[in-house]
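Close look at the chain arrangement
One letter stands for each residue in the lines below.
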Amino acid sequence: MARLRSLLYILFLTVTVIPYAFACILWAPLPLHWRYKLTVGWPRLAIWGARFFCGIRWQVKGWENLPDGPAVLLSKHQSAWETLFFPAYMPREVCFVYKKELHMVPFFGWGLALLRMIAIDRSKGRDAFEQVVKQGQTRLDEGRWPLLFPEGTRVAPGKTGRFKMGGALLASRTGAMVIPVAHNAGECWRRNAFVKYPGLVTVSIGPAIESKGLSPEELNQKVQDWIEGEMRRLNPERYGQH
């Protein structure tokens, strides 16, 4: 049954993303704020579809920890689910950091390109991080929240990847506070897995961490400590052997 429901969901995503991509092109002349509002309607639809077809429900803990000001969101990365959830439901516009090549992906990439997020050219090597800082500062000044996944790639439930320094460095260089986010979406939607399983995803938003007065290394460690500690509270059975 889970396989059939997953197939129906994939068909639903495919059928809806194509007309939505063409709609994104039609409303490209609109101001960015309106383009964003309209474009993230598809991720919201995808989250709804995940619940309707696959039984993936969700809840959020810690909404009150989100500030009314500049912030860099640093999140656990287990699934494609959270990449849909964050733009759809965060109270401010979020800006992913991603490689510019994604703009070439048909349909999905076209809509992404029109949102003016933080697209970097990885062929630039060390200069790529300066692109992140420059664009990140601009996005913060616009009232938007840069969102990075410190582990870089999706990590299986119960595992921890190396927390890279990019997000902490961005916060330190811009003076923005950091909001750590933990979640267990991988319990329902695994990396590269066709079959999605019903269940409850909990997104846990942690208290703000001030970047001022901390080295990037200290800030990164605080973020990792909170996220990994919270993961153990969300799914203690995954860490019982440690």
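Calculation notes
Residues numbered from 1 in each chain as written. Predicted model: local features only at pLDDT ≥ 70, side-chain atom pairs only at ≥ 80, totals over all residues. Heavy atoms only, no water. Phe/Tyr/Trp six-rings, centres within 6.5 Å; stacked < 30°, edge-to-face > 60°. Helix = DSSP H or I, 4+ residues; strand = E, 2+ residues; numbered from the N terminus. Buried < 20%, exposed > 50% of the residue type's maximum accessible area, 1.4 Å probe, protein only. Core = buried A, V, L, I, M, F, W, Y, C linked by side-chain atoms within 4.5 Å. Contact = heavy atoms within 4.5 Å. Pairing = 2+ DSSP bridges. Salt bridge = Lys/Arg side-chain N within 4 Å of Asp/Glu carboxyl O. UniProt positions renumbered as here; feature names shortened; annotations may be inferred. Axes fitted to C-alpha atoms, helices over the stretch in contact; angles between N-to-C directions. Parallel < 35°, antiparallel > 145°, perpendicular 65-115°, else oblique. Left-handed = near helix turned anticlockwise from the far one by under 90°.

1. Here we look at the packing of aromatic side chains
- Evaluation of the coordinates by the stated rule reveals 14 aromatic pairs.
- Taken together, a centroid distance of 5.0 Å and an interplanar angle of 15° make the contact between Trp48 and Phe52 stacked. Taken together, the residues Trp48 and Phe52, both in helix H3 (residues 41-54) and four residues apart, mark about one turn of the helix.
- Accessibility expressed as a relative area gives 45% for Trp48, which makes it partly exposed.
- Between the aromatic rings of Phe85 and Tyr89, the centroid separation amounts to 5.3 Å while the plane-to-plane angle is 25°, which identifies the pairing as stacked. Of this pair, Phe85 and Tyr89 both sit in helix H4 (residues 81-89), separated by four residues, roughly a single helical turn.
- Under the relative-accessibility criterion, Phe85 is labelled buried at 0%.
- Taking relative accessible area as the criterion, Tyr89 reaches 21% and is therefore assigned partly exposed.

2. Notes on the nonpolar core
- Core analysis: the largest hydrophobic core is formed by 65 residues, its most contacted members being Tyr9, Trp81 and Met90.
- Discounting chain neighbours no more than four positions away, the residues touching Met90 are Trp63, Leu66, Leu73, Phe85, Trp145 and Ile205.

3. Concerning the pairing of strand E7 (residues 199-205)
- The element E7 is extensively covered by neighbouring structure, given that six of its seven residues are classed as buried.
- Note: strand E1 (residues 56-61) against E7, six bridges, orientation parallel. Across the sheet, residue Ile56 finds its bridge partner in E7, namely Gly199.

4. Some points on the pattern of salt bridges
- Per the stated rule, a full pass over the model turns up 12 salt bridges.
- In this structure, Arg92 and Asp68 form a salt bridge, with 3.0 Å as the shortest nitrogen-oxygen distance. In this pair, Arg92 sits in the loop between H4 and strand E3 (94-99) while Asp68 sits in the loop between E1 and strand E2 (71-75), placing the two residues 24 residues apart along the sequence.
- On the basis of relative accessibility, which here comes to 23%, the residue Arg92 falls in the partly exposed class.

5. A few points about unusual backbone geometry
- In the Ramachandran plot, Arg116 falls in the positive-phi region, its phi being about 50° despite a non-glycine side chain.
- Look at Asn192: it is not a glycine, yet its phi comes out positive at around 60°.
- Along the polypeptide, Asn192 turns up in the loop between strand E6 (177-183) and E7.
- According to the relative accessible area criterion, Asn192 is exposed, its value standing at 62%.

6. Let's talk about the UniProt feature "transmembrane region" (unreviewed entry) in the protein
- The UniProt entry lists residues 7-28 under the feature "transmembrane region" (unreviewed entry), expressed in the numbering used here.
- Summarising residues 7-28: 91% helix, 0% strand, and an end-to-end C-alpha distance of 32 Å.

7. Overview of the sheet that holds E1
- Strands sit in the order E1-E7-E6-E2-E5-E3-E4 across an open sheet of seven strands; the sheet is mixed. Looking along the sheet, the strands with just one partner apiece sit at the ends: E1 and strand E4 (118-120). Sheet twist, expressed as the average angle between the axes of neighbouring strands with direction ignored, equals 25°.
- Pairing analysis gives five bridges linking E2 to E6, with the strands arranged parallel.

8. Quick look at the packing of H3 against H4
- Where H3 meets H4, the closest approach of the two axes is 8 Å, and the angle between their N-to-C directions is 125°. Relative to H4, H3 is oriented oblique. In terms of crossing hand, the pair formed by H3 and H4 is left-handed. Contact residues: Trp42, Pro43, Arg44, Ala46 and Ile47 in H3; Trp81, Leu84, Phe85, Pro87, Ala88 and Tyr89 in H4.

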